[in-house]
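Survey of secondary and tertiary structure
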Amino acid sequence: MIILLTIGGYNTRTQFFSEISDALNTQFSDAIDAFEYFLSHESQRNQLKREVCQDGFKKAINGLLPGRLQNEDHEYVWKRISLGLETINITKFIHVFSGKRYTGSKVNLTQR
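Heads up: these notes are all about the structure in this document. (Residues numbered from 1 in each chain as written. Predicted model: local features only at pLDDT ≥ 70, side-chain atom pairs only at ≥ 80, totals over all residues. Heavy atoms only, no water.)

**A short note on the overall build of the chain**
- Helices and strands together make up the secondary structure of the chain, namely six helices and four strands.
- Listing every helix and strand of the chain by position from the N terminus yields β-β-α-α-α-β-α-α-β-α.
- Across the chain, the fraction of contacts at a sequence separation of at least 24, relative to all contacts at a separation of at least 6, is 65%.
- Here the chain displays about 6,600 Å² of accessible surface, and carbon together with sulfur accounts for 52% of that area. (Helix = DSSP H or I, 4+ residues; strand = E, 2+ residues; numbered from the N terminus. Contact = heavy atoms within 4.5 Å. Areas by Shrake-Rupley, 256 points an atom, 1.4 Å probe, with all protein chains shown as cover.)

**As for the pattern of salt bridges**
- A complete count under the given rule lists four salt bridges for this structure.
- Notably, a salt bridge pairs glutamate 19 with arginine 68, separated by 2.7 Å at the nearest N-O pair. Placement of glutamate 19 in helix 1 (residues 12–27) and of arginine 68 in the loop between helix 4 (54–64) and helix 5 (71–82) is noted, with a sequence separation of 49 residues between them.
- Overall, arginine 68 belongs to the partly exposed group, its relative accessible area being 38%. (Salt bridge = Lys/Arg side-chain N within 4 Å of Asp/Glu carboxyl O. Buried < 20%, exposed > 50% of the residue type's maximum accessible area, 1.4 Å probe, protein only.)

**Quick look at unusual backbone geometry**
- Even without being a glycine, arginine 50 presents a positive backbone phi close to 60 degrees.
- Counting through the fold element by element, arginine 50 comes out in the loop between helix 3 (44–49) and strand 3 (51–53).
- A positive phi is found at leucine 83, a non-glycine position, where the angle reads about 55 degrees.
- Of note, leucine 83 is situated in the loop between helix 5 and strand 4 (87–89).

**Remarks on the side chain of glutamate 51**
- You can see glutamate 51 is positioned in strand 3.
- Engagement of the side chain of glutamate 51 in a polar contact is seen with the side chain of threonine 87, the distance being 3.4 Å.
- Discounting chain neighbours no more than four positions away, the residues touching glutamate 51 are Leu39, Glu42, Asn46, Thr87 and Ile88. (Polar contact = N/O pair within 3.5 Å; in protein donor to acceptor, adjacent residues only side chain to side chain.)

**A word on helix 5**
- Across its 12 residues, helix 5 extends 16 Å between first and last C-alpha, which sits within 8% of the 16 Å expected from 1.5 Å per residue.
- Two residues or fewer past helix 5, leucine 83 is found with a positive phi of approximately 55 degrees. (Expected span 1.5 Å × (residues − 1).)

What follows is the structure, given as structure tokens:
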């Protein structure tokens, strides 16, 4: 059971989306570059299929925001993004994470 913590109208789970989006926007040059970073945390099979699963998504988020999200938080974020699907592709990723201007460099974090 997932319990949302709301303090004075502030929802901590909703805040995670902003934190993830902000981290992506400051580290990568665009949503495609960010997606490539998530793919780098995937199995070879999913990399070839160009899909990110929940486990790869969690590993990538932990790389960007170490220790910030608990397991339940990862599950909540994944369910909101994937809409119950096992994987997400670049089209879905761009739909979710292309709302803000990206200011980071083109170099993928795993290559730094």
